[in-house]
Amino acid sequence: MTRHIRSEYYVGTFLVVVSAVTFSTAGLFTKGVEAGPWEVIFWRGFFAAAFTSAWILSRGTVRHNFSGMGYSGLAIAVIGALGTAAFISSFKLTSIANVSLIYAVSPLIAALLAWFVIGEKISRRMMAGCGGALLGVAIIVSGSLGQVSLKGDLLALVMTTAMALIMVIYRKYPGTPGAGPAVLSSVLLLPFGVLFGAPFKIDSSEIYILSAFGLLFAIASVTLAEGSKRVPSGQTALLSSLETPLAPALAFLIFTEIPNFPTFIGGSVVLFAVLFSIRRGT
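**What about the packing of helix α3 (residues 37–59) against helix α11 (residues 204–228)?**
Direction vectors running N to C along α3 and α11 enclose 55 degrees, while the axes themselves pass 7 Å from each other. Looking at the two axes, α3 sits oblique to α11. In this structure, α3 crosses over α11, and the sense of that crossing is right-handed. On the side of α3, the interface is formed by E39, V40, W43, R44, F47, A48, F51, T52 and W55, while α11 contributes I207, L210, S211, F213, G214, L215, F217, A218 and V222. Among the residues making up the contact of α3 with α11, the classes are represented as 13 nonpolar, 3 polar and 2 charged.

**Focus on the packing of helix α5 (residues 70–93) against helix α9 (residues 150–172)**
Between α5 and α9, the least distance of the axes is 8 Å, while the angle of their chain directions is 155 degrees. Taken together, the axes of α5 and α9 are roughly antiparallel relative to one another. Considering the relative orientation of α5 and α9, their crossing is left-handed. Contacts from S72, A75, I76, I79, G80, L82, G83, A86, F87, S89, S90 and L93 in α5 reach K151, G152, L155, A156, V158, M159, A162, L165, I166, I169 and Y170 in α9. A per-class count over the contact of α5 with α9 returns 16 nonpolar, 6 polar and 1 charged.

**Some details on the side chain of T84**
As for its position among the elements, T84 is in helix α5. In contact with T84, other than residues within four places in its own chain, are R44, S185, L189 and F217.

Conventions we followed
Residues numbered from 1 in each chain as written. Predicted model: local features only at pLDDT ≥ 70, side-chain atom pairs only at ≥ 80, totals over all residues. Heavy atoms only, no water. Axes fitted to C-alpha atoms, helices over the stretch in contact; angles between N-to-C directions. Helix = DSSP H or I, 4+ residues; strand = E, 2+ residues; numbered from the N terminus. Parallel < 35°, antiparallel > 145°, perpendicular 65-115°, else oblique. Left-handed = near helix turned anticlockwise from the far one by under 90°. Contact = heavy atoms within 4.5 Å. Nonpolar A, V, L, I, M, F, W, Y, C, P; charged D, E, K, R; others polar.

Next up, the structure:
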């Protein structure tokens, strides 16, 4: 591996980790307000689009991010909108821990999609990491059976598949801008937020909270997009699964949601699998 390629890989790894840490706070914002899912989706999307657009303007990359997004960018925006709607709604129907642990299956989905769509090879180390992540999920699920909402779980699975597909698209078309599709994804959801929710009737204090959510979501979306261009799809998904142990830990600290023993064990297995998968062999 040349110095430049190695440097790009490490930069990409850092960006995806930042994205995972930021995304792990999503459940806190969603459950921390009384507003319904469509109200959260609307204000999260409004502020995320505003903050990301300001970032684009400050960099002078309006043409690149919007006119240059192409069909791949449009596809990412639509898939991202679907995934976001499912993601926010899932938190209102099931636990933070359950949403995050379901997201941990994204390495397998991303790896299989990358193999099927772009012919990306799957290394033994990466496959072992996928197996470890799935084992961790199985351990966590074993302690949550019969205690979660099926609809919430299914929505979390939709989100997981959408995110895995976005990672593969960025890997296939690395020239696709990250910020433009993220803005369009948020904007696409605004009319649905008005149609299915009542975003202008919620308390102003909750709007302030959701503005912070929008800022963090904007940061997470851009860092994930930029990181996905530099790291293989399967490893991107594995790095993103760092959210699995982080989200329940934050839920415990903020809401005193106490994960059971299998969650602690399964989260540790997922974390080990991620670290193992990204370790470069000599």
